[in-house]
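Spelled out, the chains give:
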Amino acid sequence: MTGSRVVAVGHYQPARVLTNDDLAAMVDTSDAWIRSRVGIATRHIGGPDEPVDELAAHAGAKALASAGLTPADVDLVLVATSTAEHRSPNTAARVAARLGMGAPAVMDLNVVCAGFTHALATADHTVRAGAATRALVIGADKMGDIADWTDRSTCVLVGDGAGAAVVEAAGPGQEAGIGPVVWGSVPEMGHAVRIEGTPPRFAQEGQAVYRWATTQLPPIARRVCEQAGLAPEDLAAVVLHQANLRIIEPMAQRIGAVNAVVARDVVDSGNTSAASVPMALSKLVERGEIASGDPVLLFGFGGNLSYAGQVIRCP
């Protein structure tokens with residue numbers, strides 16, 4: 001077996017859009033303040049009748065439809081999320097039930113904002129090992145459920161959504177479409193991004209995260225390219241975790257991907273944690289900004305001060 005590849009992607013967001021002006025009516029902030037500090041204009045927020053597994057199932061269904069597959073064709077479901085409302089059945093099992101799947105293996109991964117790229121690597125490894133033939137990999141989070149809507153430093157950041165990818169074994173004569181993962185964490189700085197308490201609430205040390213992301217992560221992202229046998233200037237697109245436009249832009253510049261489209265979905269969607277990378281990728285594909293076979297750097301980072309990245313070939 002030569003490896004695995006992403007054959008389709010999909011995404012979903014709740015219908016309700018929360019603007020910066022809406023937030024200004026809730027907390028002491030303004031459209032200008034938010035745009036100047038984080039670059040966000042709008043975000044989508046799900047209602048109480050839209051659990052995170054529903055968002056995930058919508059995104060998964062779109063990815064399967066794009067691949068021309070049925071739910072019965074999948075034997076592994078991986079969902080990256082840190083905002084599951086219930087512990088069991090896990091979110092992956094709930095997604096499988098919503099989609100009417102047969103008997104897939106179902107697992108959740110909680111690596112917060114780096115969850116999807118961890119899950120994609122896990123699916124790649126599982127397919128390569130022969131333990132699965134086709135995986136549905138989803139990043140989904142309802143950050144609105146864990147936001148402190150009285151804290152202007154964090155509530156302006158968050159949004160809800162889901163993104164999905166279908167991963168399957170590369171066929172005879174096909175090259176692997178998912179490159180080696182480079183992943184890790186900084187355990188002693190895990191306090192910098194937190195979801196803690198009862199009820200759980202999102203909090204972070206913004207300056208510490210900014211310094212870490214913009215100084216420590218670009219060399220790691222360049223190592224991802226090296227592992228894939230590419231130079232940064234060979235990339236067609238860069239899809240970083242959509243944390244903050246003021247992190248994304250300098251980080252992309254320091255990676256050296258001078259010819260790449262840089263995903264900036266954070267402007268319209270806010271920080272959707274594990275959903276941000278697959279959702280931004282799906283939108284680039286949907287808009288035709290990248291072509292099938294193009295090399296794309298995916299790089300998630302954040303909670304636990306964890307990171308994971310790989311270069312994929314665009315489906």
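First things first, this report covers the structure right here in the doc. (Residues numbered from 1 in each chain as written. Predicted model: local features only at pLDDT ≥ 70, side-chain atom pairs only at ≥ 80, totals over all residues. Heavy atoms only, no water.)

1. Some points on unusual backbone geometry
Here comes step 1: Residue proline 89 follows serine 88 across a cis peptide bond; omega there is -5 degrees.
Here comes step 2: With respect to the element layout, proline 89 can be found in the loop between strand 4 (76–80) and helix 4 (91–99).
Here comes step 3: Here the bond from threonine 198 into proline 199 is cis, since omega is 0 degrees, no more than 30 degrees from zero.
Here comes step 4: Within the secondary structure layout, proline 199 lies in the loop between strand 9 (193–196) and strand 10 (201–204).
Here comes step 5: For valine 112, which is not a glycine, the phi torsion comes out positive at approximately 50 degrees.
Here comes step 6: Of note, valine 112 is situated in the loop between strand 5 (105–109) and helix 5 (115–128). (Helix = DSSP H or I, 4+ residues; strand = E, 2+ residues; numbered from the N terminus.)

2. Things to note about the sheet that holds strand 5
Here comes step 1: Overall, mixed pairing links the five strands, which are arranged 1-7-6-4-5 in an open sheet. Every interior strand has two partners, whereas the edge strands, strand 1 (4–12) and strand 5, have only one. Between one strand axis and the next, the sheet turns by 20 degrees as a mean value, whatever way the strands run.
Here comes step 2: In this sheet, strand 7 (residues 160–169) lies alongside strand 6 (residues 134–142) in antiparallel orientation, the contact comprising nine bridges. Residue pairing in the sheet places arginine 134 in a bridge with glutamate 168 of strand 7.
Here comes step 3: Helix-sheet contacts for helix 3 (residues 52–67) involve strand 1, strand 6 and strand 7, and the interaxial angle to strand 1 is about 130 degrees. (Pairing = 2+ DSSP bridges. Axes fitted to C-alpha atoms, helices over the stretch in contact; angles between N-to-C directions. Contact = heavy atoms within 4.5 Å.)

3. Section: the packing of aromatic side chains
Here comes step 1: Enumeration over the complete set of coordinates arrives at three aromatic pairs.
Here comes step 2: Between tryptophan 212 and phenylalanine 301, the ring centres sit 6.4 Å apart and the planes meet at 70 degrees, which makes this aromatic pair edge-to-face. Of this pair, tryptophan 212 sits in helix 7 (residues 206–227) while phenylalanine 301 sits in strand 13 (residues 295–302); the two residues are 89 residues apart in sequence, bridging distant segments of the chain.
Here comes step 3: Its relative accessible area of 7% is what places tryptophan 212 among the buried residues. (Phe/Tyr/Trp six-rings, centres within 6.5 Å; stacked < 30°, edge-to-face > 60°. Buried < 20%, exposed > 50% of the residue type's maximum accessible area, 1.4 Å probe, protein only.)

4. Some points on the pattern of salt bridges
Here comes step 1: Across all of its chains, the model carries twelve salt bridges by this definition.
Here comes step 2: Salt-bridge contacts for glutamate 205 lead to arginine 194; the nearest nitrogen and oxygen are separated by 3.8 Å. One end of the pair, glutamate 205, is in the loop between strand 10 and helix 7; the other, arginine 194, is in strand 9, with eleven residues separating them in the sequence.
Here comes step 3: Of the residues examined, glutamate 205 reaches a relative accessible area of 33% and is grouped as partly exposed.
Here comes step 4: Residues joined by salt bridges that share partners form a network here, namely Arg5, Arg134 and Glu168. (Salt bridge = Lys/Arg side-chain N within 4 Å of Asp/Glu carboxyl O.)

5. Examining the pairing of strand 9
Here comes step 1: In the sheet, strand 9 pairs with strand 10 via four bridges, with the strands oriented antiparallel. The residue of strand 10 that forms the bridge with valine 193 is glutamine 204.
Here comes step 2: Hairpin connection between strand 9 and strand 10: a loop of four residues separates the two successive antiparallel strands, and glycine 197 in this loop has a positive phi of roughly 100 degrees.

6. Comments concerning the pairing of strand 6
Along any regular strand the residues' side chains alternate between the sheet's two faces.
Here comes step 1: Burial of strand 6 is extensive: nine of the nine residues sit out of reach of the surface.
Here comes step 2: Burial along strand 6 is two-sided: the residues Arg134, Leu136, Ile138, Ala140 and Lys142 and Ala135, Val137, Gly139 and Asp141 are all buried.
Here comes step 3: Where strand 4 and strand 6 come together, five bridges link them in parallel fashion. Its bridge partner being in strand 6, leucine 78 is matched across the sheet by valine 137.

7. Some thoughts on the environment of arginine 264
Here comes step 1: Mapped onto the elements of the fold, arginine 264 is located in the loop between strand 12 (261–262) and helix 9 (266–269).
Here comes step 2: Placed 15 residues apart in sequence, arginine 264 and glutamate 249 show a C-alpha to C-alpha distance of 8.6 Å.
Here comes step 3: With residues up to four places along the chain from it excluded, the contact list for arginine 264 reads Gln242, Leu245 and Glu249.
Here comes step 4: Within the local environment of arginine 264, its side chain forms a polar contact with the backbone oxygen of valine 262, the two atoms lying 3.3 Å apart. (Polar contact = N/O pair within 3.5 Å; in protein donor to acceptor, adjacent residues only side chain to side chain.)

Limitation: the analysis is restricted to geometry and does not speak to function.
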